[in-house]
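If you want the building blocks of each chain, they are given just below.
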Amino acid sequence: MNGTAGHHSGLPFVPQPAPHELLGSWLLRLAQLYGLGLTTLLSRLGARSTGDARVPHWFAIDGSSVSLDAISTASRLSRADLEAMAPHTCR
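The residue numbering used here restarts from 1 in each chain and proceeds along that chain's sequence as written. Residue-level local features of this predicted model are given only where pLDDT is at least 70; pairs of side-chain atoms are given and counted only at 80 or more, and the full residue set underlies all totals for whole chains, interfaces and linings. The basis for the side-chain values is all heavy atoms of the structure; hydrogens and waters are excluded.

**Q** Could you clarify how one ought to interpret the overall build of the chain in this entry?
**A** Secondary structure counts use DSSP, requiring at least four H or I residues in a row for a helix and at least two E residues in a row for a strand, with both numbered from the N terminus. On a plain count of helices and strands, the chain comes out with 4 helices and 0 strands. Working rule for contacts: check all heavy atoms of both residues, and any pair within 4.5 Å makes them a contact. Of all intrachain contacts in the chain linking residues separated by at least 6 positions in sequence, the fraction that spans at least 24 positions is 54%. Here the open area of atoms and residues is found with the Shrake-Rupley method and a 1.4 Å probe, where only the protein chains shown may cover a residue. When the accessible area of the chain is evaluated, it comes to approximately 5,300 Å², of which 52% is carbon and sulfur surface.

Take a look at the structure:
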């Protein structure tokens, strides 16, 4: 993976999301596949700023907490597909 935030060329393999899978669950599976923690994966994809170490709980991850554009570029999934995976409400 390229460590330059915002300039990721794409991951070599990306598992497809399961039907009705939450975005955070899928991101956890993706991180595990590459032997990374969730925060590290998001930083390397340019989906989180490197100075912001706080990532919401996996079940609360949505477009307000990560860059869906960066994840879309790296995973080759559409932003609309990623948005559909975000939880509707979460406390």
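**Q** Looking at this structure, I do not really get the nonpolar core. What am I missing?
**A** Soluble globular proteins: nonpolar side chains tend toward being buried together. Definition of nonpolar core: a set of buried residues of the types Ala, Val, Leu, Ile, Met, Phe, Trp, Tyr and Cys, connected through side-chain atoms within 4.5 Å. Think of it in three bands: with a 1.4 Å probe and only protein chains considered, a residue is buried below 20% of the maximum accessible area for its type, exposed above 50%, and partly exposed in between. Counting residues in each nonpolar core, the largest one holds 23 residues, and the members touching the most others are Leu 23, Trp 26, Leu 27, Leu 42, Val 66, Ile 71 and Leu 82. When residues of this core are traced back to their parent elements, those giving at least two are helix H1 (23–33), helix H2 (38–44), helix H3 (68–75) and helix H4 (79–85). If you tally residues by element for this core, the top one is H1, at 5 residues. When residues no more than four places from it in sequence are discounted, the contact partners of Leu 23 are Ile 61, Asp 62, Val 66, Leu 68, Leu 82, Met 85 and Ala 86.

**Q** Looking at this structure, I do not really get H1. What am I missing?
**A** Quick reminder: α-helices carry 3.6 residues per turn. Residues three or four places apart thus point the same way. Within H1 the residues assigned to the buried category are Leu 23, Gly 24, Trp 26, Leu 27, Leu 30 and Ala 31. The buried residues of H1 occupy an angular sector of 160 degrees when projected down its axis, which confines them to one face. Elements in contact with the buried residues of H1: H2, H3 and H4. At the C-terminal side of H1, Gly 35 shows a positive phi close to 70 degrees. Comment: arc refers to directions from the helix axis out to C-beta atoms.

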